[in-house]
Amino acid sequence: VRGPGKAPWPVSPQEMVQEIHQVLMDREDTCHRTCFSLHLDGNVLDHFSELRSVEGLQEGSVLRVVEEPYTVREARIHVRHVRDLLKSLDPSDAFNGVDCNSLSFLSVFTDGDLGDSGKRKKGLEMDPIDCTPPEYILPGSRERPLCPLQPQNRDWKPLQCLKVLTMSGWNPPPGNRKMHGDLMYLFVITAEDRQVSITASTRGFYLNQSTAYHFNPKPASPRFLSHSLVELLNQISPAFRKNFAVLQKKRVQRHPFERIATPFQVYSWTAPQAEHAMDCVRAEDAYTSRLGYEEHIPGQTRDWNEELQTTRELPRKNLPERLLRERAIFKVHSDFTAAATRGAMAVIDGNVMAINPSEETKMQMFIWNNIFFSLGFDVRDHYKDFGGDVAAYVAPTNDLNGVRTYNAVDVEGLYTLGTVVVDYRGYRVTAQSIIPGILERDQEQSVIYGSIDFGKTVVSHPRYLELLERTSRPLKILRHRVLNDRDEEVELCSSVECKGIIGNDGRHYILDLLRTFPPDLNFLPVPGEELPEECARAGFPRAHRHKLCCLRQELVDAFVEHRYLLFMKLAALQLMQQKASQLETPSSLENGGPSSLESKSEDPPGPEAGSEEEGSSASGLAKVKELAETIAADDGTADPRSREVIRNACKAVGSISSTAFDIRFNPDIFSPGVRFPESCQDEVRDQKQLLKDAAAFLLSCQIPGLVKDCMEHAVLPMDGATLAEVMRQRGINMRYLGKVLELVLRSPARHQLDHVYKIGIGELITRSAKHIFKTYLQGVELSGLSAAISHFLNCFLSSYPNPVAHLPADELVSKKRNKRRKNRPPGAADNTAWAVVTPQELWKDICQEAKNYFDFHLECETVDQAVETYGLQKITLLREISLKTGIQVLLKEYSFDSRHKPAFTEEDVLNIFPVVKHVNPKASDAFHFFQSGQAKVQQGFLKEGCELINEALNLFNNVYGAMHVETCACLRLLARLHYIMGDYAEALSNQQKAVLMSERVMGIEHPNTIQEYMHLALYCFASSQLSTALSLLYRARYLMLLVFGEDHPEMALLDNNIGLVLHGVMEYDLSLRFLENALAVSTKYHGPKALKVALSHHLVARVYESKAEFRSALQHEKEGYTIYKTQLGEDHEKTKESSEYLKCLTQQAVALQRTMNEIYRNGSSANIPPLKFTAPSMASVLEQLNVINGILFIPLSQKDLENLKAEVARRHQLQEASRNKDRAEEPMATEPAPAGAPEDLGSQPPAAKDPSPSVQG
């Protein structure tokens, strides 16, 4: 490609013409051009074609960049682009949460790009580096400052290129000037304070003679016409020319991941004080009806429904088609989410006219940009039987979960609405795409399937039954019959209130999917129904605020999985009994109902199975599997007795079929107002039992399982969000949080669950506070918002006993107070009720809410008591409540504990953001590649695993674009693999991307980001960038202190890392502080006898040895030795290593003692042999770092290598008999082969957060 007057540069034929446009607009030398086309031999290339499809294109063809005449649209795009270039280093968009910008601070800690600095500092950095961290990072420090969270970046003091660039007041051009080609006028004040007026014409930009009050469109001197605004400004302002060049240099040097937009907006809960600058584009956006983004799309607004549905209809037969389809679906979803969020805020801020303006505010509905908005209030008593407004508030999220699930099943021909749920300023807004034609018809006419009145009138439709039947197996939904108001049977394959509507476009839509999943009986008391004993013991059923409590999909899946295992065990048991007795009468299982079997299922399959060897029970299961398949195929080959076995097992586990295992739920059971026909009574009874079993399964298996995983550190939640995620993965709803905490309290190893308990209590308090805050905010009018929020935060977190709220009327006094104001916020009663809340009342309400909602008794009446009793941190509580409610506070140190003044003033509340819930479309193929890559790595095939994961990364990029959570996990794993295979540079570059992406997509202090920082530090250390490694570790430690505090099992790993690096740079005293803290934390969380603790003792001993304090060293190493001996036995290599080291320490101690005695005897004339003090070698420190981070390289003996080669070759032949054989002979790796050694499992970090921390050989 050759630009005007520029050297040509190469492009590949795979690229789209459009992509080359983007690249040209981003390159430093051509970034100021936007309005051009590409020509090949004088022919214009089509914007949307691929290069290789262009005729006459060959190797060495030159594409010319040709400037095109401007139109109003192109001129606007050009001005926007120039503005973006001017603001490219300015973080204000990220702080304000606009245009999918978000923050990243990695470059502050690595001083620019890691790759380059690595080349500069090739020599081992032994020049003194300052390793002392700030006081607040050291172990035991009590202060938790907030300012270091967002360190000031050097590039942010922006170079001022211009003072003002705005649209002129003379727009639009009058008719006679339009006919001279004037498109619009700009007004500019240069850095030298020169005021100029610029005309944008079809041929380019030039100065005109207008002033602020006098219009004169004639060209001014210098008479310079430029196709690019930047070139014109270069001519008239030397400061602009100089600074713009520097700015672009800096912009291009930044890592692309710091600049690319994220797919969904991430909001920051803190921001520094910013000057508000004039910004033409923002101003224009606010006032022009820039509804969607019409620069991209002709015809103004986008038809969201059409876009969402047509992308679903794209073909998906092969991989390229599927990628294209998934890419389109993802793109439309993220655009729709952005538009819906914008619209919802506009609705609540009162900027959108309602479609039913005469009704009261609660009932109003809105349409904006082809999106339909409704508020989460119970309109027309629709949810009267379900809990009124409370039910109307949760229905949208339940509905969203339903949409998510049906989208994931992805049945052709069945359509759902685009749905986004936005919580903003205390209101819940549902945004939906609009079914074509729905607004012209009455709902009664359009619904041809389901019920609009919760089951009184029900209709069905054969096409819908056929479509929904295809979803019933994956979603475990039972096809069932219900009675309508005329006592006729109607067949459904969903819950009754799921409605089917055929749009004017002929598509079959389903909506109101709020009861896709079966009800949760623990929270739905039904008169006359008894729950199983496990539930009754835990105090269930409890009446909840609404009757829409459902089980989560994860729970349904786990329950079915559990039942399947039970089914296999029962059938195997019966087959064995048959074999054993050889009698004609198969032992009947019918006497025990499912609940008595539940208890059996926990034990092994009973005494009979145990009487034969273990092997036979495994083969028994295999036989059952075979048998079940034969019977399901129903070809009459199975004998009646086997059929009987399967039938009994099916009956026992509640399967709906008697010939195969198949569990499905009827979502309408226990639904108020739904009646079932007489003929289905048996089925209904079984379904009721199944629901009770599922409710019991949640309490008896899932919650104890979660607590057990936390105790074994298989999962390590670090904040409220990660705890919620861990609960949801196991299908436990947040309303069970109180039960989880009770179980933690009763657990025998209570202190090993301290961190979970603290996070749980913090989550319980902030969620209760969020519930109160929601209704509190609804009574506040816009002018009092910051005062109200700061008052609430004072009551919630400040030790100041009686904060007083500032009423907004203080600032300005209006002459006529109009009593009847039209636009009151929806549902607002008294606009100053919020001002009289006191801290005592608020905390009383919080405890009450915790009791009512979570059934948990909090023992605190003030925030200080809560902090004292439960060991919480106020800064952590502030972070949690801000993230949950969308508050943004000023970045400064808050004096929470001052009793003389409140912690927050109204100036400290900067903004309130929406909290958005939406569907996350998945890249299915990429995910399969990623999973198979992980599996390969687990088996020890690193090369193949690496190839698969690279492939997955390409596919993820194809579907999601460059930024996404899943891409981040992919990069992390790749970095780890490269590190294990010894390619440190590649590991560094991948991990650097993973850190940047995690900061941008998940948040700068998300627990995942903390993890990524730790991995990056390890790879920096391995690449001998010691000071960088340390500053990254200190950053991780600061973030963990802010997010949780010091007392967390993960802190032990972090402190071991820091201590080892400090040991490596010979900062022994500092190193000891961190290592001894790690030892204390490990001992607490893993118990004093754990292998992790032994390793910790050994690390401490090594530092004491380096300090020549042998007595302390011996003491620690002995502790470690004792643990190894009791845990692993005398002959284990770890125990031997430890005893060798003890000998070595003893010899050194004796040598030292001898020398001392010599000195005492002979005074100064003593002849002293020089003592050997060893400074640790980098290699030995790195080896220990690898061990504690669970990366193990095991040197293999020659014999092992031979065996390994044979094994690898054998597997290869099995896998690819077709491929050439020479590749199969290749050994896995001839250098020491990396593998996870089973004996070192004790010292490995838990495996849950990182998909494959250890590489199993």
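Up top you'll find the structure we're talking about.
Cut-off values and rules
- Residues numbered from 1 in each chain as written.
- Predicted model: local features only at pLDDT ≥ 70, side-chain atom pairs only at ≥ 80, totals over all residues.
- Heavy atoms only, no water.
- Helix = DSSP H or I, 4+ residues; strand = E, 2+ residues; numbered from the N terminus.
- Buried < 20%, exposed > 50% of the residue type's maximum accessible area, 1.4 Å probe, protein only.
- Contact = heavy atoms within 4.5 Å.
- Areas by Shrake-Rupley, 256 points an atom, 1.4 Å probe, with all protein chains shown as cover.
- Expected span 1.5 Å × (residues − 1).
- Pairing = 2+ DSSP bridges.
- Axes fitted to C-alpha atoms, helices over the stretch in contact; angles between N-to-C directions.
- Phe/Tyr/Trp six-rings, centres within 6.5 Å; stacked < 30°, edge-to-face > 60°.
- Patch = residues over 30% accessible without salt bridge, like charges linked within 9 Å, V, L, I, M, F, W, Y side chains within 5 Å.
- Salt bridge = Lys/Arg side-chain N within 4 Å of Asp/Glu carboxyl O.

### Points about the overall build of the protein chain
Helix and strand counts for the protein chain stand at 43 helices and 21 strands. Going through the 1257 residues of the protein chain one by one, you find that 54% of them count as buried. The long-range fraction of contacts in the protein chain, counting pairs at least 24 apart against all pairs at least 6 apart in sequence, stands at 71%. Entry remark: accessible area of the protein chain is about 56,600 Å², with carbon and sulfur atoms responsible for 53%.

### Focus: helix H31 (residues 942–960)
Here H31 spans 26 Å end to end across 19 residues, near enough to the 27 Å set by a 1.5 Å rise per residue. Gly961 sits one or two residues past H31 and shows a positive phi near 80°.

### A look at the sheet that holds strand S5 (residues 182–190)
Sheets are built from strands that pair by backbone hydrogen bonding, the pairs being arranged parallel or antiparallel. Read across the open sheet, the four strands follow the order S4-S5-S6-S7; overall the sheet is antiparallel. Because the sheet does not close on itself, it has two edges, and the strands there are strand S4 (162–167) and strand S7 (204–208). Taking the axes of each pair of neighbouring strands and ignoring which way they run, one obtains an average angle of 30° across the sheet. In this structure, S4 lies alongside S5, joined through five bridges in antiparallel fashion. Paired with Val164 across the two strands is Ile189, which belongs to S5. Those strands touched by helix H7 (residues 229–236) are S4, S5, strand S6 (195–201) and S7, and its axis lies near 35° from that of S7.

### Comments concerning the packing of aromatic side chains
The final tally for this structure, using the stated rule, is 36 aromatic pairs. Pairing Tyr136 with Tyr1038 gives two aromatic rings, centres 5.7 Å apart and planes at 70°, and the pair type is edge-to-face. Here the residue Tyr136 occupies a position in the loop between helix H5 (114–120) and S4, and Tyr1038 occupies one in helix H35 (residues 1026–1043), the gap between them amounting to 902 residues. There is no split in this pair, since Tyr136 and Tyr1038 are both buried. On the basis of an interplanar angle of 45° and a centroid distance of 6.0 Å, the ring pair of Phe559 and Phe665 is categorised as tilted. A residue pair is termed long-range when its members are at least 10 positions apart, and Phe559 in helix H17 (residues 553–581) and Phe665 in the loop between helix H21 (640–653) and helix H22 (681–711) qualify at 106 residues. For the residue pair Phe559 and Phe665, the accessibility class agrees, reading buried in each case.

### Describing a nonpolar patch on the surface
Among the surface-exposed residues, Met1156, Ile1159 and Tyr1160 lie close enough to one another that they form a single nonpolar patch of about 320 Å² accessible area. Within the secondary structure, Tyr1160 is located in helix H40 (residues 1133–1162).

### Points about the sheet that holds strand S21 (residues 915–918)
The five strands are arranged S9-S10-S13-S12-S21 in an open sheet whose pairing can be described as antiparallel. The sheet terminates laterally at strand S9 (365–368) and S21, the two strands that pair on one side only. Taking each pair of neighbouring strands and ignoring which way they run, the sheet shows an average axis angle of 20°. Across five bridges, the pairing between strand S10 (residues 371–375) and strand S13 (residues 427–433) is antiparallel. Of the residues in S13, the one forming a bridge with Ile371 is Ser433.

### What to know about the environment of Gln22
With respect to the secondary-structure elements, Gln22 resides in helix H1 (residues 17–26). Here Gln22 falls in the exposed class, since its relative accessible area comes to 51%. The spatial distance from the C-alpha of Gln22 to the C-alpha of Thr34 is 9.0 Å, given a sequence separation of 12 residues.

### Thoughts on the pairing of strand S1 (residues 36–40)
Counting buried residues along S1, five of its five residues qualify, which places the element largely inside the surrounding structure. The alternating pattern of S1 places Phe36, Leu38 and Leu40 and Ser37 and His39 on opposite faces, both of which are buried. Two elements, S1 and strand S2 (residues 43–44), share two bridges in a ladder whose sense is antiparallel. Paired with His39 across the bridge in S2 is Val44.

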